[in-house]
Amino acid sequence: MRLDKFISNMGLGTRSQVKKMISRGRVVVNEEVVRKTGFIINPDSDEIFLDEMLVAYDAYVYIVMNKPIDVISATNDTRHETVIDLVKETYGNRKLFPVGRLDIDTEGMILITDDGKWSHDLMSPKKHVKKKYFAHVAGRVTEKEIDLFKSGVTLTDETLCLPGELEIISVEDGLSKVYLTITEGKFHQVKRMFEAVDMEVTYLKRIEIAGLALDETIELGDYRELTEEEMEKIKLED
Ligand code: URA
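Trainee: It is not clear to me how the overall build of the protein chain should be interpreted in this structure. Could you clarify?
Mentor: Each helix and strand counted, the protein chain has six helices and 13 strands in total. What you see for the protein chain is a C-alpha radius of gyration of 22 Å, clearly larger than the 18 Å of a compact globule of 238 residues, by over 25%. Taken over the C-alpha atoms alone, the protein chain extends approximately 70 × 35 × 30 Å along its principal axes. Out of the 238 residues belonging to the protein chain, those deemed buried represent 45%. Nonlocal contacts in the protein chain, meaning residues at least 24 apart in sequence, comprise 62% of its contacts between residues at least 6 apart. Counting every atom, the protein chain has about 13,300 Å² of accessible surface; 49% of that belongs to carbon and sulfur. Here the protein chain contributes 33 positive and 45 negative side-chain charges, whose respective centroids are spaced 6 Å apart.

Trainee: Can you walk me through a negative patch on the surface in this structure?
Mentor: There is a patch of like negative charges on the surface, built from Asp 58, Glu 89, Glu 225 and Glu 228. Mapped onto the fold, Glu 89 is located in the loop between β5 (62-67) and β6 (97-98).

Trainee: Before we go on, may I ask you to explain the domain arrangement of the protein chain in this structure?
Mentor: Interface size is commonly expressed as the accessible area that is lost once the parts come together. Under the domain assignment, the protein chain is made up of domain 1 (3-54), domain 2 (62-125 + 212-233) and domain 3 (130-209). The C-alpha centroid of domain 2 is placed 28 Å from the C-alpha centroid of domain 1.

Procedures and definitions
Residues numbered from 1 in each chain as written. Predicted model: local features only at pLDDT ≥ 70, side-chain atom pairs only at ≥ 80, totals over all residues. Heavy atoms only, no water. Helix = DSSP H or I, 4+ residues; strand = E, 2+ residues; numbered from the N terminus. Rg over C-alpha atoms; globule rule 2.2 N^0.38 Å. Buried < 20%, exposed > 50% of the residue type's maximum accessible area, 1.4 Å probe, protein only. Contact = heavy atoms within 4.5 Å. Areas by Shrake-Rupley, 256 points an atom, 1.4 Å probe, with all protein chains shown as cover. Lys, Arg positive; Asp, Glu negative; His and termini not counted. Charge placed at Lys NZ, Arg CZ, Asp CG, Glu CD. Patch = residues over 30% accessible without salt bridge, like charges linked within 9 Å, V, L, I, M, F, W, Y side chains within 5 Å. Salt bridge = Lys/Arg side-chain N within 4 Å of Asp/Glu carboxyl O. Domains from an automatic or database assignment.

Below, the structure written as structure tokens:
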């Protein structure tokens with residue numbers, strides 16, 4: 001791969017910025033200063049330093065975002081801002097996309113990557129990846145709903161859901177705060193599960209995916225790359 005392309009792909013500047021960095025002697029490849037922007041490197045075996053900082057080659061980008069309401073989980077849209085629009089780094093020419101979907105009025109944890117296999121595995125209905133939501137539900141959620149969800153609720157269109165784990169946090173002034181963990185990703189699933197028991201979700205936030213909790217220090221609309229530890233946590237069975 002060309003040296004300028006490699007450094008730019010790592011998100012360290014546009015191609016023209018990186019070309020300037022290289023021609024100014026700021027880049028060292030295997031202990032030699034290289035000023036030729038088109039110098040060919042092997043990202044797997046060459047050691048590349050920019051201003052004495054090792055430029056590590058990441059095969060893919062893995063991001064966790066705290067999605068705000070009114071932003072859609074798509075790559076581009078003519079009317080609404082998308083989660084990809086919120087990612088300000090260029091990451092070279094990588095084609096980032098959200099892993100699965102959250103509704104426009106749902107907040108919370110969304111993963112963003114360019115790793116198709118990882119995304120596919122996380123979304124595959126066969127893998128039964130757990131997704132945990134925090135919800136406000138109008139009305140009083142009781143043991144009855146816990147049991148119904150546990151045995152697999154049937155949606156109003158007759159679709160049968162796999163068992164879901166419902167936990168009641170509080171019930172006050174006609175509003176229930178709950179956690180719901182499900183292992184599927186049907187369209188509007190959480191809202192439709194409550195609709196099936198004649199209740200309405202008035203606020204929804206995803207707080208966990210595959211055992212990894214949303215880092216609550218990430219502000220709404222903000223994001224960061226997943227750490228190696230987090231990637232390990234989210235590791236999926238083959
Ligand atoms: N279930 C929903 O109803 N909406 C979401 O965004 C996610 C799960």
